[in-house]
Every structure is written in structure tokens, then in C-alpha cells.
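A closer look at the structure
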Amino acid sequence: QQDTLSTAATSAVFSHSNAAKTTAVEFRQVSKSFGHHLVIRNVDLSVASGDVVAVCGPSGSGKSTLIRLINQLETVTDGEILIHNKPTRGLNGSALRELRTHIGFVFQQFNLYAHLTAQDNVSLALIKVHGWKKSDARGKALALLTRVGLQDKAQHYPEQLSGGQQQRVAIARALVTDPDIILFDEPTSALDPEMIGEVLLVMQELAKSGITMIVVTHEMSFAREIADRVIFMDGGEILEQAEPEDFFLRPQHPRAQRFLQKVL
Ligand code: ADP
Ligand code: MG
């Protein structure tokens, strides 16, 4: 099982150093309904390896659903999502586990296990899903906690940590399988204002590492300063995609203009 992971790590390094960027995530005419409610409408999207994409838009516009479709927390109703050019529709069992090994996910509410220490939260998947030896998994968890500045909190339980620290543990956990894509769903929305900065800093470091990042966020500073591209969604559609400078200074779609007037 460790081989699978090291292969993933090698291919990640390969794709990052590849001069011609490959496509990490591609949506082809993707729609998603809940019952009769169409919440993602014919979305086409292409994200290159190593790109950092910020997804913004009003509440209910489909942002969470869009990224949850990528690692199949939701399944598409129509169309196709390709990860590194491979179709993903209908994957299950070990193929789905393999897909999720390549794709980390960070939730708004951290979703840490309350009864496990920070270190055990991070190492759990390596032991339970990937068959690592406990000592190896713990070592890797500690290295990741160090990377997010929490080496001295490894033995703390979630309730002993601030919201910002919990979210940094969750980021370490999302990185434990060396994913080459990481998805964030409003990672700072549940945090007190004074803790937002520490999480954004970790995300900024991560962005420099060459991992592909898709970040649903209301942090316009993140979108402006760190993202390579901003996507604006409304009503289940991508209404605008632009480089941050163009999006913030020259939004084209009237709904994007209205949205920016409200949030800026
Ligand atoms: P956003 O993240 O932009 O706020 P969501 O993707 O969460 O938007 O939701 C888009 C629409 O889909 C909303 O109308 C929401 O109520 C609906 N929706 C999301 N998840 C579900 C679900 N599991 N069942 C039914 N409706 C859902
Ligand atoms: Mg959401």
C-alpha cells in the first residue's frame, strides 16, 4: 500500500515540474440535481496542475456542490469530470479510494475527530486506509503538523485547540496522502477574525508548493493575492472566470459586478 502512495507522490512531483502544464481537473458539461432542483448547470471548467483557483459567489450558488463533485462527495447527474484526464464517473470501492488519495478536502467546520489527538487525526487514514505502520504514520503526521506550525500541539485534542489551530490540523490531515489536488470549502468562514490570518498563511505556503488548489472562499484578499484565477458562480453556473486583477478591477458580468459591490 505504501507503494501506491509513493507513486502518487512521484507523479505529483512530476506533474509540478512538467513545463507544459497538464490538466488536473476538467468538467465537461456537468450538471447536478438534488431531486428536481438543478444546482449545477452545464458547467465546463478546466484547472491546470499547480493552479490556484478561488471560487466565489453568493450563498446557494452551488460552490460547495461544485467542489464536492470533484472528489465524489456528490455524484454528477449529467456530464463528466476528469481528474488528470481520467473519467471518474461511477468509480467505487478501491478506485474511489485511490481517487481520494490524490485529492485532499478541507471543510469549513474542520471535521476533526474529537476523541483523537491532533497527531492521530492526521495519521488515521494512513493506518486505517493505507495500511501504514503506526510509527511511520505518526512520524509523517508530526512532519505535517510541523509544516503547519503545530509540532508542539501534536498531543492536544481538538477541544484544546483554537479554531485556527484545528483548521491547520485539518489541512495537515488533508495532505497526509500526498494529494496533488486539494479542495477547500470556505476554510476560514467558521473562524474568529483574528485566526483567519494563520490559516491563510498556511494556504499561501501550500500554494507555493505547486499543489493544485481549488478554494471556495469569501476572503477576497486570498482571491486577489494568491489565486491564479477567480471563478464567479451564481445560480449553478460559472458566470465569469478571470485573473484576479481583471475580476476585481473589471468584472464583466452584471451579477459579478453586483456581488463585488457587496463584498468589497
Ligand atoms: P453554496 O456553497 O454556493 O452556498 P451549495 O452548493 O451548498 O451552495 O448549494 C447549492 C444549492 O443546492 C442550494 O440551493 C442548496 O440548498 C442545494 N443543496 C446543496 N446540497 C444539497 C443536498 N444535499 N440536498 C438538497 N439540496 C442541496
Ligand atoms: Mg457552500
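Higher on the page you've got the structure.
Treat the numbers as computed from the prediction; the structure is a model and nothing was measured.

**Observations regarding helix α6 (residues 163-174)**
The end-to-end C-alpha separation of α6 is 16 Å, in line with the 16 Å expected for 12 residues at 1.5 Å each. Where α6 is concerned, the buried positions are Gly163, Gly164, Gln165, Gln166, Gln167, Arg168, Val169, Ala170, Ile171, Ala172, Arg173 and Ala174. Elements that come into contact with the buried residues of α6 comprise β6 (103-106), α4 (118-128), α5 (134-147), β7 (181-185) and α7 (193-208).

**Remarks on the pairing of strand β8 (residues 212-216)**
Regular strands place side chains that alternate from one sheet face to the opposite one. Taking burial as the measure, the five residues of β8 include five buried ones, the bulk of the element. Alignment of strand β3 (residues 52-56) against β8, held across four bridges, turns out to be parallel. Counted as the bridge partner of Val53 is Ile214 from β8. Alignment of β7 against β8, held across five bridges, turns out to be parallel. In the strand pairing of β8, Phe184 is matched with Val215. Read as a crossover between parallel neighbours, the route from β7 over α7 to β8 is right-handed.

**Looking at the layout of surface pockets**
The rolling of a water-molecule-sized probe over the atoms marks out the regions of remaining empty space. Taken as a whole, the largest pocket encloses approximately 600 Å³ of empty space. Considering the residues around the largest pocket, the lining is formed by 21 residues, among which Arg100, Ile103, Phe105, Ala125 and Arg173 are closest to the centre. For the lining of the largest pocket, the elements supplying multiple residues, two or more each, are α3 (93-101), β6, α4 and α6. Across the lining of the largest pocket, the residue classes tally to 11 nonpolar, seven polar and three charged. When its volume is computed, the second largest pocket comes out at roughly 250 Å³. Lining the second largest pocket are Ile83, His84, Lys86, Pro87, Thr88, Leu91, Ala95, Glu98, Leu99 and His102. Among the secondary structure elements, those contributing two or more residues to the lining of the second largest pocket are β5 (86-87) and α3.

**As for the environment of Arg168**
Note that Arg168 resides in helix α6. For Arg168, a relative accessible area of 12% gives the class buried. The sequence separation of Arg168 and Val43 amounts to 125 residues, and the corresponding C-alpha distance is 31 Å.

**Brief notes about the sheet that holds strand β1 (residues 23-34)**
The strands making up a sheet associate through hydrogen bonds between their backbones, and the pairing can be parallel or antiparallel. Across the sheet, which stays open at both edges, the four strands sit in the order β2-β1-β4-β5 with antiparallel pairing between neighbours. At either end of the open sheet lies a strand with only one pairing partner, and these are β2 (37-48) and β5. One ladder, built from eight bridges, connects β1 with β2; its direction is antiparallel. In the sheet register, Val25 faces β2, and the bridge partner there is Val47. Seen against the sheet, helix α2 (residues 63-70) touches β1, β2 and β4 (78-83) and runs at an angle of roughly 120° to β1.

**Brief notes about the sheet that holds β6**
Taken in spatial order, the six strands of this open sheet run β6-β7-β8-β3-β9-β10, and their pairing is mixed. What marks the edges here is a single partner per strand, and that holds for β6 and β10 (237-242). Between one strand axis and the next, the sheet turns by 20° as a mean value, whatever way the strands run. In this fold α2 packs onto β3, β6, β7, β8 and β9 (229-234), with an angle of close to 155° to the strand it touches most, β7.

**Quick look at unusual backbone geometry**
In the Ramachandran plot, Asn111 falls in the positive-phi region, its phi being about 55° despite a non-glycine side chain. The residue Asn111 is located in the loop between β6 and α4 in this model. Residue classification places Asn111 among the partly exposed residues on the basis of a relative accessible area of 40%. Although it is not a glycine, Asp178 sits at a positive phi angle of roughly 55°. Among the secondary structure elements, Asp178 is positioned in the loop between α6 and β7.

**Brief notes about the pattern of salt bridges**
Where charged atoms of side chains with opposite charge meet at close range, the side chains can pair. All chains considered together, the criterion is met by 10 salt bridges. Across the pair Arg138 and Asp120 runs a salt bridge, and its minimum N-O distance is 3.2 Å. In this pair, Arg138 sits in helix α5 while Asp120 sits in helix α4, placing the two residues 18 residues apart along the sequence. One salt bridge connects Arg250 with Glu245, and the closest N-O pair in it is separated by 4.0 Å. Taking the relative accessible area as the measure of exposure, Arg250 reaches 42% and is therefore partly exposed. Accessibility expressed as a relative area gives 54% for Glu245, which makes it exposed.

Scoring rules and cut-offs
Residues numbered from 1 in each chain as written. Chains lettered and ligands numbered in written order. Predicted model: local features only at pLDDT ≥ 70, side-chain atom pairs only at ≥ 80, totals over all residues. Heavy atoms only, no water. Helix = DSSP H or I, 4+ residues; strand = E, 2+ residues; numbered from the N terminus. Expected span 1.5 Å × (residues − 1). Buried < 20%, exposed > 50% of the residue type's maximum accessible area, 1.4 Å probe, protein only. Contact = heavy atoms within 4.5 Å. Pairing = 2+ DSSP bridges. Right-handed = clockwise from strand over helix to strand, strands pointing away. 1 Å grid on protein atoms, 1.4 Å probe; cavity = no way out; pocket = protein on both sides within 12 Å on 5 of 7 lines; lining within 4 Å. Points joined across faces, edges and corners; volume = space filled by probe spheres on them. Nonpolar A, V, L, I, M, F, W, Y, C, P; charged D, E, K, R; others polar. Axes fitted to C-alpha atoms, helices over the stretch in contact; angles between N-to-C directions. Salt bridge = Lys/Arg side-chain N within 4 Å of Asp/Glu carboxyl O.

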